[in-house]
Number of protein chains: 2
Amino acid sequence: MNGRSKVIIIGGGFGGLNAAQALKSAPVDVTLIDRRNYHLFQPLLYQVATGSLSPGEIAAPLRGVLGHQKNTRVLMGDVRDIDPVSKRVLLSDGASFEYDSLIVAAGSQTSYYGNDVWQQWAPGLKSLEEATNIRHKILYAFEVAERLSDAAQRRAWLTFVIVGAGPTGVELAGAIGEIARQTLRNDFRSIRPEEAQIILLDGSPRLLMSFPEDLSRKAEQSLAKLGVHARMGARVTQVDRDGVDLQINGFSERLSSKTVIWAGGVTVAPLGKILAKRTGAETDRQGRIRVGPNLTVANFPDIYIVGDLALSADKNGVPLAGVAQVAMQQGTYAAKAIIRKVQGRPQQKSFEYFDKGNLAVIGRAAAVANIFGVHLSGLPAWLVWVFIHLMYIVEFQSRILVFIQWAIQDLTFSRGARLITGSASSDFNFDQEIASQKLTPKVTRDEVSVKVG
Amino acid sequence: MNGRSKVIIIGGGFGGLNAAQALKSAPVDVTLIDRRNYHLFQPLLYQVATGSLSPGEIAAPLRGVLGHQKNTRVLMGDVRDIDPVSKRVLLSDGASFEYDSLIVAAGSQTSYYGNDVWQQWAPGLKSLEEATNIRHKILYAFEVAERLSDAAQRRAWLTFVIVGAGPTGVELAGAIGEIARQTLRNDFRSIRPEEAQIILLDGSPRLLMSFPEDLSRKAEQSLAKLGVHARMGARVTQVDRDGVDLQINGFSERLSSKTVIWAGGVTVAPLGKILAKRTGAETDRQGRIRVGPNLTVANFPDIYIVGDLALSADKNGVPLAGVAQVAMQQGTYAAKAIIRKVQGRPQQKSFEYFDKGNLAVIGRAAAVANIFGVHLSGLPAWLVWVFIHLMYIVEFQSRILVFIQWAIQDLTFSRGARLITGSASSDFNFDQEIASQKLTPKVTRDEVSVKVG
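Residues numbered from 1 in each chain as written. Chains lettered and ligands numbered in written order. Predicted model: local features only at pLDDT ≥ 70, side-chain atom pairs only at ≥ 80, totals over all residues. Heavy atoms only, no water.

A. Focus on the overall build of chain A. The secondary structure content of chain A amounts to twelve helices and 25 strands. Across the 453 residues in chain A, those meeting the buried criterion constitute 58%. Here chain A displays about 17800 Å² of accessible surface, and carbon together with sulfur accounts for 52% of that area. (Helix = DSSP H or I, 4+ residues; strand = E, 2+ residues; numbered from the N terminus. Buried < 20%, exposed > 50% of the residue type's maximum accessible area, 1.4 Å probe, protein only. Areas by Shrake-Rupley, 256 points an atom, 1.4 Å probe, with all protein chains shown as cover.)

See below:
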């Protein structure tokens, strides 16, 4: 055992990974703990969900990324508790680790605002498993529709509802629009994929509320061209197997849809609630923990909170959003603060978020961007988007693969990763699904023959 | 409804897909039915299992491949029965389709020789789901070992047993050897990945029985360099959670291993048994159906069987192996026979297999090949292997992506697709696994600190 200062980082997302990397040459022993063995590039998760990219291309094994960093150890494990008094982290298998400094970057998860039963019908988009599940649902809906003759049933299978019109919801809706209009154009014989209805719902008065108003309008126009119908001011009151109930402009409405995706809201990871209880820290409605100007928890100067779990404000007092940029800058700040402490140097000045701007992509060669206050849309915004995303992908190999896939897709309209995987016996059985729902197979007994020519 | 001849193809593997493509310009209506929505390039499945490639790179959506072929329709469905008298195919959802000609390319599945309970401990390698499951098992074993202090437990987690020394078993063993020796070299702090034991078992007297003897020897030497211990003449008598029992040279032996992979044998798909019953056709021990010289079933000249399900012989009377080459040539042959029949032209001569040779790869830049009787090994064989595999990958995009991944891996020893995915709550929970097995976590209470330097 040596006497070096021990730093534990909980979470290998943008905040945790940036903190670990910023500690690379520091005279400390770093332990990064994550339930997953990989860092996930969440901003491109919607491209996995829509078959543009494969899971491996947006995920980087943490051991691979940090393997050459000699002062750092990666542990795969689930943190169950934190004792801020004895300064220990407890895993659910009983192992416990002491720290001198702790960086909590546990992130957030999808929130259904108390209606967790909706999750089974409307998956969120926070993990690779959810992304492949959503991909499966989207492609599967076209497969079922291809075999149905009943118009109403078919319409429900070809209606896609996305709840939440932030960047994720907008990007997802745009990508589904592209799949329907372009990618699957020649793939089916009975249905016309452009029959698909794509409906984007949000309770806010406009989409992309975090963007300037002119860009919201531009985004809405671009989405409309891809067949996406944005319906704002809509409150979802029920989600079930066959669709959603809404309240919109004082009226109740029912949307029949077999594919509902939840991009609606987030809450903190469960560990956040535990930590708030242990430290007595103040939290907001989402469960985020209030941090001081140097990102530590009140009364616990050795516990830093970064990323989605931290409640910190910009210089105007507006709470910072849960985006990668914030988490990365906070992770680096916390690491530097620890280095100064270990070296006995005075603390740096308060954390200040440097906002480089906002980006959302809407289908091929179209996006909206607010970069340092400059509003861009269409192709220029898209090029900025491509450049920035490629730049921030962690692994060199992934960067190349993603670039090539995008290039090929833009030339051919094809999507490489259109697989419906999953065990045929358990979670997915096409025929059982059709049979159990008493659907009307379209092509029984040769009543309908192949359309040729 | 038009009066064109109806061709149904069951299965979108090498045989079925080649048949469909050979019917491209024929005056027939083609329906290809598969439970999956993609064609799988099975020879590279072991690379998905060992983290070199992503599932999307070796699978091509059938609709994408056949979308531009106007006389062809793709249906996702599960064929439950075939009525050769009324000439109908019945799906499990109740839909039924009439055919004039039927090509059955239903393929094969893993056989445990009557011990199906072994499957839960020793997955086979026939599907993408199995490949990602095996990848998960391999990487997970290293993660667990990293956290154990008990030497015997650790050894069991670091012992990998592959049952079956055909090309799949050999390629898998070589790839695991590479992972242990090269890819994970810098990734762990407590274990040394080269501690891993990789044991390749087979009942035959030598590995790669379908290859000439000198190449078997070369393959064994190449494997030995990667730390793979080939033990021939070994019969597996039991597989359970903690390892395998063997009979070898008259002695009983127990191998403790947490990762057993079954590359041991195949049997026909369940539909094969049904078809044999319905047609009264002769079958062999594996359940393959005897076909005539033009690949049809006795008494049913409109039913062609191609690929792994067909029992046909080369000109010396030796049964053809269940490999891609055979299936592809048979699929094309069956398609041509149907075209001639529809056009009223005389039948072509009997099917004759044109054997281009055998290939197996053993790690990086090493392989064995028997090409038209020329025996190659080492780098030349590997180059031939790379060229042939890239040539036969169906989609242009996949071809490029696979090429780049191989190039990067050969330069950097890294593997892009090292993700442990799967739901943390259900099929995979690292901590529960450790806790439930009463394993000894290595790093409890800071007894062991990070190794630095």
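B. Highlighting the packing of aromatic side chains. All names here are of chain A. Throughout the structure, instances matching the rule amount to 14 aromatic pairs over all chains. Aromatic pair Tyr140 and Trp157: ring centres 5.8 Å apart, planes at 90 degrees, arrangement edge-to-face. Taken together, the positions of Tyr140 in helix α4 (residues 128-146) and Trp157 in helix α5 (residues 151-157) put the pair 17 residues apart, joining distant regions of the chain. Residue Tyr140 is classed as buried on the basis of its relative accessible area, which comes to 7%. An aromatic cluster is built from Tyr112, Trp118 and Trp262, whose rings are joined through pairwise contacts. (Phe/Tyr/Trp six-rings, centres within 6.5 Å; stacked < 30°, edge-to-face > 60°.)

C. Geometry of a nonpolar patch on the surface. Where nonpolar side chains cluster on the molecular surface, the patch consists of Phe387, Met391 and Tyr392 of chain A and spans about 300 Å² of accessible area. Within the fold, Phe387 of chain A resides in helix α10 (residues 378-392). (Patch = residues over 30% accessible without salt bridge, like charges linked within 9 Å, V, L, I, M, F, W, Y side chains within 5 Å. Salt bridge = Lys/Arg side-chain N within 4 Å of Asp/Glu carboxyl O.)

D. Geometry of helix α10 (residues 378-392) of chain B. Residue and element names in this part refer to chain B. With 15 residues, α10 should cover 21 Å at 1.5 Å per step; its first-to-last C-alpha distance of 22 Å lies within 8% of that length. Within α10, burial applies to Ala381, Trp382, Trp385, Val386, His389 and Leu390. Projected onto a plane normal to the axis of α10, the buried residues spread over an arc of 160 degrees and lie on a single side. (Expected span 1.5 Å × (residues − 1). Arc of directions from axis to C-beta.)

E. The packing of helix α1 (residues 14-22) of chain B against helix α9 (residues 324-342) of chain B, seen in detail. Residues and elements named next belong to chain B. Axis separation between α1 and α9 bottoms out at 7 Å; the angle between their running directions is 35 degrees. In this structure, α1 crosses over α9, and the sense of that crossing is right-handed. Residue-level inspection shows Phe14, Gly15, Asn18, Ala19 and Ala22 of α1 in contact with α9, the latter providing Ala324, Ala327, Met328, Gly331, Thr332, Ala335 and Ile339. Of the residues belonging to the contact of α1 with α9, the class tally is eight nonpolar, four polar and no charged. (Axes fitted to C-alpha atoms, helices over the stretch in contact; angles between N-to-C directions. Left-handed = near helix turned anticlockwise from the far one by under 90°. Contact = heavy atoms within 4.5 Å. Nonpolar A, V, L, I, M, F, W, Y, C, P; charged D, E, K, R; others polar.)

F. Broad picture of the environment of Asn316 of chain B. Secondary-structure assignment places Asn316 of chain B in the loop between β22 (310-311) and α9. Separated by 68 residues in the primary sequence, Asn316 of chain B and Val384 of chain B have C-alpha atoms spaced 27 Å apart.

G. Summary view of the pairing of strand β11 (residues 159-163) of chain B. All names here are of chain B. Counting buried residues along β11, five of its five residues qualify, which places the element largely inside the surrounding structure. Residue alternation in β11 divides its side chains into two sets, Thr159, Val161 and Val163 and Phe160 and Ile162, and both sets are buried. Sheet topology note: the β11/strand β12 (residues 197-202) ladder contains five bridges and is parallel. Each bridged residue has a counterpart across the sheet, and for Val161 the counterpart in β12 is Ile199. As for the winding sense of the linkage, the β-α-β connection from β11 through helix α6 (residues 167-183) to β12 is right-handed. The sheet contact formed by β11 and strand β17 (residues 259-262) spans four bridges and is parallel. Bridge pairing in β17 places Phe160 opposite Thr259. (Pairing = 2+ DSSP bridges. Right-handed = clockwise from strand over helix to strand, strands pointing away.)

H. Spotlight on the sheet that holds strand β15 (residues 243-248) of chain A. Residues and elements named next belong to chain A. Taken together, three strands build an open sheet; the order of strands is β14-β15-β16 and the sheet is antiparallel. Two strands bound the open sheet, and with one partner strand each, they are β14 (234-240) and β16 (251-256). Averaged over all adjacent pairs, the angle separating strand axes in this sheet is 25 degrees, with direction ignored. The pairing of β14 with β15 spans six bridges and is antiparallel. The residue of β15 that forms the bridge with Val239 is Val244.

I. Layout of the pairing of strand β23 (residues 357-361) of chain A. Residue and element names in this part refer to chain A. Most of β23 sits out of view: four of its five residues are buried. As paired strands, β23 and strand β24 (residues 367-371) are joined by five bridges and run antiparallel to one another. Residue pairing in the sheet places Asn358 in a bridge with Asn370 of β24.

J. Region of the structure containing the environment of Ala95 of chain B. By secondary structure assignment, the location of Ala95 of chain B is in the loop between β7 (88-91) and β8 (96-98). As a C-alpha pair, Ala95 of chain B and Val79 of chain B span 16 residues in sequence and 9.5 Å in three-dimensional space.

K. Representation of the confidence of the model for chain A. Residues and elements named next belong to chain A. Chain-level statistics for chain A give a pLDDT mean of 86 and a share of 89% at 70 or above. This stretch, residues 438-453, has a pLDDT under 50; its non-local contacts, to residues over four places away or in other chains, come to 56 contacts. Quick note on the complex model: pTM equals 0.83, ipTM equals 0.75. (pLDDT = per-residue confidence, 0-100.)

L. Spatial organisation of the sheet that holds β8 of chain B. Residue and element names in this part refer to chain B. One open sheet holds the three strands; their spatial order is β6-β7-β8, and the pairing between them is antiparallel. Strand pairing shows two members of the sheet lacking a second neighbour, β6 (79-83) and β8, which therefore form its edges. Going across the sheet, the axis of each strand differs from the next one's by a mean of 20 degrees, ignoring polarity. Note: β6 against β7, four bridges, orientation antiparallel. The residue of β7 that forms the bridge with Asp83 is Arg88.

M. The environment of Gly11 of chain B, seen in detail. Residue and element names in this part refer to chain B. Residue position: Gly11 is located in the loop between β1 (5-10) and α1. Classification of Gly11 as buried rests on a relative accessible area of 10%. Sequence separation between Gly11 and His68 is 57 residues, and the spatial gap between their C-alpha atoms is 19 Å. In this structure Gly11 touches Gly16, Leu17, Leu32, Ile33, Asp34 and Ala105, once residues within four positions along its chain are discounted.

N. Highlighting unusual backbone geometry. All names here are of chain A. Phi at Asn249 is positive, roughly 50 degrees, even though this residue is not glycine. Residue placement: Asn249 occurs in the loop between β15 and β16. For Leu295, which is not glycine, the phi dihedral falls at a positive 70 degrees. Position of Leu295 relative to the elements: it lies in the loop between β19 (289-290) and β20 (296-297). You can call Leu295 buried: its relative accessible area is 0%.

O. Fine view of the pattern of salt bridges. Evaluated as defined, the whole model comprises 32 salt bridges over all chains. A salt bridge links Arg154 of chain B to Glu195 of chain B, with the shortest nitrogen-to-oxygen separation between them at 3.5 Å. Separated by 41 residues along the polypeptide, Arg154 of chain B in helix α5 (residues 151-157) and Glu195 of chain B in the loop between α6 and β12 bring together distant segments of the chain. Here the salt bridges do not stand alone but share partners, grouping Lys87, Asp302 and Lys341 of chain A into one network.

P. Here's a closer look at the side chain of Glu130 of chain A. All names here are of chain A. Position of Glu130 among the secondary structure elements: in helix α4. Buried within the structure, Glu130 lacks any salt-bridge partner; Lys126 is the closest side chain of opposite charge, at an N-O distance of 8.0 Å. At a separation of 2.8 Å, a polar atom in the side chain of Glu130 contacts the main-chain amide nitrogen of Lys126. Leave out the neighbours within four places in its chain, and Glu130 touches Gln119, Gly124 and Leu125. (Lys, Arg positive; Asp, Glu negative; His and termini not counted. Polar contact = N/O pair within 3.5 Å; in protein donor to acceptor, adjacent residues only side chain to side chain.)

Q. The arrangement of the side chain of Thr267 of chain A in detail. Residue and element names in this part refer to chain A. Position of Thr267 among the secondary structure elements: in strand β18 (residues 266-268). A distance of 3.1 Å separates the side chain of Thr267 from the backbone oxygen of Gln286, its partner in a polar contact. Beyond its immediate sequence surroundings of up to four residues, Thr267 is in contact with Ser108, Gln109, Thr110, Ser111, Lys273 and Gln286.

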